[in-house]
Amino acid sequence: MHLRHLSLTNVRLYARLELPLRAGVIVIQGDNAQGKTSLLEAIHVLATGRGLNSAAGRALIRWDAESESPYPYALLRALVWRRDGEHLLELLLQKGERERLRKEVRIDHVARRNSDLPGQLMTVLFLPNDVALVSGAPSLRREFLDEALAQVEPEYAHALETYAYALTQRNALLRQAAEDRRPIDPDELELWDERLVSAGTMLTLSRHRAILELARAAERAHFELSDGREYLYLAYQPNVHVTHPDTNPQAPLDLLMTPPLPTRQALAEAFYAALRARRREELLRGMTLVGPHRDDLRFLVNGMDLGEYGSRGQQRTAVLALKLAQMEWMQLRSNEPPILLLDEVLAELDPHRRRCLLERIRTAEQVFITTTDLGRLEQPLITDAQRFVVRGGVLQPS
Amino acid sequence: MSQPSALPPSVARLIEALVALPGIGPKTASRLAYYLLRAPDEVALRLADALRELKAQTRLCSVCFNITEADPCPLCTDPSRDHSVICVVEEPLDVAALERAKVYRGTYHVLHGVLSPINGVGPDDLKINELIARLRRAEAQGQPVREVILATNPTVEGEMTALLIQRKLAAFNVRITRLARGLPVGGDLEYADEITLSRALEGRQQV
Ligand SMILES: [Zn+2]
C-alpha cells in the first residue's frame, strides 16, 4: 500500500499541508524541530489510531490554533492506495469544554467508530529512541504489540477498546469500594468481570500468536544483523496464563520462555480463577491486578535478558530486528506491504546494520525517510526519491 | 473562560447559570443572556415562570419514575394500557419519543441514567430496586408482569445497564426482551424516528 495524498490542518507545526505523494522513497530534510517527526507521527496516528485517548491527542492540535478558535481542532486526511482500491481516511480531533477531546473518524466519507480506523493504513515506525522498547517500561512493549496487532486484526482494535473501557469502569468500582464510598454490588462486579475476561482473553491470545510468529522472523533478522553471532528469542509473559497440569498451579511463569498457546476456554477459566484468587487484594487496593494490562515481552539473546543485561549496541540490534520482523509479519498477515516511516534512524547505524536495513527498504512499496543532512544518505537511495525540505511547518519540494 | 469584569453582577449570574447547562458554552450563554436583556419584559418573565413551575409543579411518578404533575402519572393510571408490560428506558425524554411513535401500549420504568462507575452511577442510583419492588407488588396483587422490555440506548453504557437489569430480574418468571438492533450503534432512542422505533419495538428479542 502507499499514500497518494496527505493533508494536515492544524497538526503540530503544520497550519496547513497538502502533500501529493507517489510510491517509492520520500526524503524529508530539515533541521530539528521544524516538523519532520510530526509528519511521520501524523501518518502513524492515522494508521494506528493510538495515543489519542489522553493528552497525546490534544498535544497533536497545533498550539497556535488555540488563539484562533475557542474549540481548536486538528484534521488529518490521507488518500491510501491498497490492493482493494483507493480509500480516503479522515480523523478529526477537536478540543471541547472541560478538557474533553472529540474524535471523529470517517472512511470514504462515512462516519465510523474510532476502532475502525486502525489497519486502514499500515505503518512500521522506526524512531531514534526505539531502544527504549527493550530497556524501558513494560507499557512501551504492550503499546508496541497493541499498535502492531490493531493494524492487522480489526477485532483486536475493538477488543482493545472494550477492554480499556471495562478496566476503567472496574477500577472505579473497586476504588469506590476500597474508599468505602459505596458497597460493591456482586451482580455489578460480575458483569464487569465478564467484560474484562472476554475482551482480555482475546487480547492475550492474539498477542500470544503474534509473538510466536514475530519471534521467528525476529530471530532471523537478528542473526543476520549480528553477523551470525547471536540468537534472539522473544518471550511473551502473559499476566494471565494457563499452568501446566503437572506443575504446581502456583508456579510462576518461566521467564525465559513463551508458555504453550492455551485454548480460549482454558485461558478464560484461568482468568476467572486469577480474579477469584486476588479479589480480596483488589478490593483492598482498589484496582484491577489481573489481566493483559500487566503483560510483558522479554528480549533474550543466547539466553540472557537484554533489557537487564544487554549492551546498548545489543539492545539497538534487537529492536531493529523486531521492527524488521514486524514489517515482514504485517505483510504476511494482510498480504499488503506496510509503509515504512524512518525517523533519523539510518544515521545511527553502523555500516553493516545500515546495509541490512537498506536491503529491506528496497523491497518496500513506500518509505518515508527524514534526515537533517541529505549528504548522510546513499546516492542511489535519493536519486529517484521525492525530496522535500521542511522549515517551520512548511514543506517544499527540493 | 474569563468574563469582562465590567459586566453587571445580574448579567454575569445569568451567564454563569446558562453555562452550567448541558450543550451550552460561554459564547452561546452570552448570546442568550443579551437576547433576554433586550427582549420585551414578558419574554424573560414567561421563561422565569416556566422555570419556577417546572420545579414547583413536577415530581417523579412513584410507580414508573417518569416526570409528572400528578402522582401516579396519567400513563400509570390509564386503564386502556397494558400494565403487564414494562418498557425500561434511560430518561423521561425516551418515554416522550416512544409515545410520539404511538406504537407502544404498555407502561414504562424510567432509570434516570445508565450504569457507569467512573461517573459514580451504580445500581442503587438507577431505580432498579424500585423496578424489582414493582414486579413483586404486581405479583402479590395477582396481576404479574409478563414482559420487561429493556429499551436502554445501544451504547456501551446502555448495554451494560440492560445486562445488569437482566441479571437482577433472573429470579422472576418474566419474559425479558431487548429492542431490536434497528437503532444505529451509539444512537439515541430520543432522536430515532418513528418508523425506526416501531421496527425496533416489533423486532424485540428475548434475552
Ligand atoms: Zn407513572
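Within each chain, residues carry numbers counting from 1 in the order of the written sequence. Labels are handed out in written order, letters beginning with A for the chains and numbers beginning with 1 for the ligands. The predicted origin of the model limits local features to residues at a pLDDT of at least 70 and limits the giving and counting of side-chain atom pairs to 80 or more, whereas totals for whole chains, interfaces and linings rest on all residues. Note that the side-chain values use all heavy atoms of the structure and ignore hydrogens as well as water.

Moving on, we get to the sheet that holds strand β7 (residues 110-112) of chain A. Residue and element names in this part refer to chain A. For two strands to be treated as a pair, DSSP must find at least two bridges joining them. Strands are runs of DSSP state E lasting at least two residues, helices are runs of H or I lasting at least four, and both sets are numbered from the N terminus onward. The strand order across the open sheet formed by 6 strands is β2-β1-β4-β5-β6-β7, and the pairing between neighbours is antiparallel. Both outer strands of the open sheet, β2 (14-20) and β7, are each paired with one neighbouring strand and no more. The mean inter-strand angle of the sheet, taken between neighbouring strand axes irrespective of direction, is 20°. Across 10 bridges, strand β4 (residues 73-82) lies against strand β5 (residues 85-95) in antiparallel orientation. Its bridge partner being in β5, Tyr73 is matched across the sheet by Gln94. Lines fitted to C-alpha atoms define the axes, with helix axes restricted to the stretch in contact, and inter-axis angles between N-to-C directions lie between 0 and 180 degrees.

This part covers the layout of surface pockets. Over the atoms, a rolled probe matching the size of one water molecule traces out where space is still vacant. All names here are of chain A. Whether a set of points on the 1 Å grid over the protein atoms alone is a cavity depends on a 1.4 Å probe fitting there but being unable to get out, while an open set qualifies as a pocket with protein on both sides within 12 Å along at least five of seven lines; lining residues are those with an atom within 4 Å of a point. Grid points are joined across faces, edges and corners, and a volume is the space filled by probe spheres set on the points. Empty space within the second largest pocket amounts to approximately 690 Å³. Every residue lining the second largest pocket is counted, 28 residues in all, and those nearest its centre are His44, Leu125, Leu127, Glu143 and Glu147. Mapped by element, the contributors of at least two residues to the lining of the second largest pocket are α1 (36-48), α2 (55-59), α4 (132-135), α5 (138-152) and α11 (312-334). All amino acids are sorted into three groups, where Ala, Val, Leu, Ile, Met, Phe, Trp, Tyr, Cys and Pro are nonpolar, Asp, Glu, Lys and Arg are charged, and the leftover types, Gly among them, are polar. A per-class count over the lining of the second largest pocket returns 12 nonpolar, 8 polar and 8 charged.

Residues and elements named next belong to chain B. The protein atoms that coordinate the zinc ion are Cys61 (SG), Cys64 (SG), Cys73 (SG) and Cys76 (SG), at distances spanning 2.2 to 2.4 Å. Because the angles between the 4 donor atoms bound to the zinc ion fall within 105 to 115°, the donor set is best described as tetrahedral. Metal donors were taken as nitrogen, oxygen and sulfur atoms no farther than 2.8 Å from the ion, or 3.2 Å where the ion is Na, K or Ca. Water is excluded, so coordination may look unfinished. Sequence positions of the donors to the zinc ion reduce to the motif C-x2-C-x8-C-x2-C. This pair shows no difference in class: Cys64 is buried, exactly as Cys73 is. Each label reflects the angles at the metal, where four donors whose angles all fall between 85 and 135 degrees are tetrahedral, four or six donors whose opposite pairs open beyond 155 degrees and whose other angles stay between 65 and 115 are square planar or octahedral respectively, and the rest are irregular. Think of it in three bands: with a 1.4 Å probe and only protein chains considered, a residue is buried below 20% of the maximum accessible area for its type, exposed above 50%, and partly exposed in between.

Residues and elements named next belong to chain B. Think of it this way: a Phe, Tyr or Trp ring, Trp meaning its six-membered ring, pairs with another when their centres are within 6.5 Å, and the plane angle makes it stacked under 30 degrees, edge-to-face over 60, tilted otherwise. In total, this model carries 3 aromatic pairs over all chains according to the counting rule given. Taking 5.1 Å as the distance between ring centres and 65° as the angle between the ring planes, the aromatic pair formed by Tyr104 and Tyr108 counts as edge-to-face. Each of the two residues, Tyr104 as well as Tyr108, counts as buried.

Moving on to the state of the cysteines. Residue and element names in this part refer to chain B. Cysteine sulfur atoms that come within 2.5 Å of each other are treated as a disulfide pair. Tallied over the entire structure, the rule returns 0 disulfides over all chains. Cys87 takes part in no disulfide bond, and the closest cysteine sulfur, belonging to Cys64, lies 11 Å away. The buried category is assigned to Cys87, whose relative accessible area is 0%.

The next thing to look at is the domain arrangement of chain B. Along its sequence, chain B is carved into domain 1 (9-57) and domain 2 (73-206). The centre of domain 1 of chain B, based on its C-alpha atoms, is set 34 Å off from the matching centre of domain 2 of chain B. Where each domain begins and ends is defined by an automated method or by a domain database.

All names here are of chain A. With mixed pairing, 6 strands are arranged side by side in an open sheet as β8-β12-β13-β3-β14-β15. On the outer flanks of this sheet lie β8 (123-126) and β15 (394-397), each paired with one strand and no other. When strand polarity is set aside, the average angle formed by the axes of neighbouring strands in this sheet is 20°. Pairing of strand β3 (residues 24-29) with strand β13 (residues 366-371), which is carried by 6 bridges, proceeds in the parallel orientation. When the bridges of β13 are listed, Ile28 appears paired with Thr370. Contacting β8 and β12 (339-343), α11 crosses the sheet at an angle of about 170° to β8. What makes two residues a contact is simply this: any of their non-hydrogen atoms within 4.5 Å.

Residues and elements named next belong to chain A. Counted under the stated rule, the structure contains 5 cavities of 30 Å³ or more. Within this model, the largest cavity holds a volume of roughly 120 Å³. If you go around the largest cavity, the residues you meet are Phe126, Leu127, Pro128, Asp130, Val131, Arg316, Val319, Leu320, Lys323, Val345, Glu348 and Leu349. Considering every element that reaches the lining of the largest cavity, the biggest residue donor is α11, with 4 residues. Residue contributions to the lining of the largest cavity reach at least three from each of two domains, namely domain 1 (1-122 + 345-398) and domain 2 (128-335).

Take the nonpolar core next. One finds Leu6(A), Leu76(A), Leu121(A), Leu234(A), Leu342(A) and Phe368(A) to be the most contacted residues of the largest nonpolar core, which totals 141 residues. Per element, the largest residue contribution to this core is 17 residues, and it comes from helix α7 (residues 186-225) of chain A. Counting 23 residues, the second-largest nonpolar core is a separate cluster that includes Cys61(B), Val89(B), Tyr108(B) and Leu201(B). To form a nonpolar core, buried Ala, Val, Leu, Ile, Met, Phe, Trp, Tyr and Cys residues must be joined to one another through side-chain atoms within 4.5 Å.

So, on to the confidence of the model for chain B. Here pLDDT means the predictor's own confidence in every residue, given as a number from 0 to 100. With 94% of its residues at a pLDDT of at least 70, chain B reaches an overall mean of 89. The secondary-structure element of chain B with the lowest mean pLDDT is helix α8 (residues 194-202) of chain B, recorded at 79, while strand β4 (residues 106-110) of chain B shows the highest, at 97.

Bringing unusual backbone geometry into the picture now. In this structure, Pro72(B) follows Asp71(B) across a cis peptide bond, with omega equal to -5°. In the Ramachandran plot, Arg12(A) falls in the positive-phi region, its phi being about 50° despite a non-glycine side chain. Residue classification places Arg12(A) among the partly exposed positions, given a relative accessible area of 29%. Located in the positive-phi region is His109(A), a residue other than glycine, with phi close to 75°.

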